[in-house]
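Given next are the chains, with one letter for each unit.
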Amino acid sequence: MNYFRSILDFLSYSDKYSNLLESIRRQERKINLLIPDSPLAYVSAGINRDIGKSVLIVTSTPDKARRMYEDALFWNNDGVRLFPGAENIQFERLSPDEGVAHERLVTLDKLRTVHISNERPIIVTSIQGICQSTASPEDFVASKLHISVGQNIRLDEIVSYWLDIGYSLEAITEAPGNMSRRGGILDIFPPGYENPVRIEFFGDTVESIRFFDPYHQTSINTVDSVIVLPAKESLQ
């Protein structure tokens, strides 16, 4: 039993909270509330649980969004996603941090599959996160690649394709967005994974797929397939 989740039951004793749920169920277009930042994550987790719908929290800055995300994790560790925004807004003409872009791409992928997984996540973002341009749903879906053992792929073509969707070719693969090639072995570190993936080819056929430690370059475990997300948001 999640002790902290059970604390959400205390919300039911609040008439204001009950009225809020009724307003949401009636799908009222505008509901005015004044909730301080600290209990907002608590109330949002309650709405998420009691209504069974996704909740979007938009903060004024990326830093506040990250703090709100950490607060929300306290109440719902499995169902909270961060859609961060770059600290440097676009008209300053500074490239968003790659780590931010990767985190945004992973959240976009989770949102795309909520109807399949039946998840109803809490999404935390900022004004910058909402305004920052990203890939269209069509481009995003088209750019994902599912690699399976036994699949036939032309190695040169896949390397060229991954370069086009944001990966950088390095001597060794150490960080998300990196890939490297040694003969018939292709290493790649897709956003969303804790460790990079090593794909071994026999000719044009995928012979094995395994995760490996990026620091010691040692194998961790083998898998039958892997999904490779793009490494950048601008896909046109």
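Note that this is a predicted model, so its numbers are computed, not measured. (Residues numbered from 1 in each chain as written. Predicted model: local features only at pLDDT ≥ 70, side-chain atom pairs only at ≥ 80, totals over all residues. Heavy atoms only, no water.)

## Re the confidence of the model for the chain
Residues with a pLDDT of 70 or more make up 92% of the chain, whose mean pLDDT is 86. Note on residues 89-95: pLDDT under 50 across the span, and five contacts to partners over four residues away in sequence or across chains. (pLDDT = per-residue confidence, 0-100. Contact = heavy atoms within 4.5 Å.)

## Notes on the packing of aromatic side chains
The tally for this structure, following the rule as stated, stands at four aromatic pairs. Aromatic side chains Trp162 and Tyr167 sit 6.4 Å apart centroid to centroid with 55° between the ring planes, which places their arrangement in the tilted category. Here Trp162 matches Tyr167 in class, with each residue buried. Ring plane angle 50° and centroid distance 5.3 Å describe the contact between Tyr193 and Phe211, whose orientation is recorded as tilted. Of the two residues, Tyr193 is situated in the loop between strand 7 (185-188) and strand 8 (197-202) and Phe211 in strand 9 (residues 205-212); the sequence distance between them amounts to 18 residues. Here Tyr193 falls in the partly exposed class, since its relative accessible area comes to 26%. For Phe211, a relative accessible area of 14% corresponds to the buried category. Ring pairs connect the aromatic residues Tyr42, Phe74 and Trp75, which therefore count as one cluster. Against the face of Phe212 rests Arg198, its NZ or CZ located 4.1 Å from the ring centre. (Phe/Tyr/Trp six-rings, centres within 6.5 Å; stacked < 30°, edge-to-face > 60°. Buried < 20%, exposed > 50% of the residue type's maximum accessible area, 1.4 Å probe, protein only. Helix = DSSP H or I, 4+ residues; strand = E, 2+ residues; numbered from the N terminus. Lys NZ or Arg CZ within 6 Å of the ring centre and 35° of its normal.)

## A short note on the sheet that holds strand 2 (residues 80-83)
Sheet strands associate in pairs through backbone hydrogen bonding, adopting either a parallel or an antiparallel arrangement. The sheet built from three strands is open, its strands ordered 1-3-2 with parallel pairing. The open sheet terminates on both sides in strands that have one partner only, identified here as strand 1 (55-59) and strand 2. Adjacent strand axes in the sheet meet at a mean angle of 20° when their direction is disregarded. Each of strand 1 and strand 3 (122-126) touches helix 3 (residues 37-51); the most contacted strand, strand 1, lies at about 160° to it. In the packing of helix 4 (residues 62-75) onto the sheet, contacts are made with strand 1, strand 2 and strand 3, and the angle to strand 2 comes to roughly 170°. (Pairing = 2+ DSSP bridges. Axes fitted to C-alpha atoms, helices over the stretch in contact; angles between N-to-C directions.)

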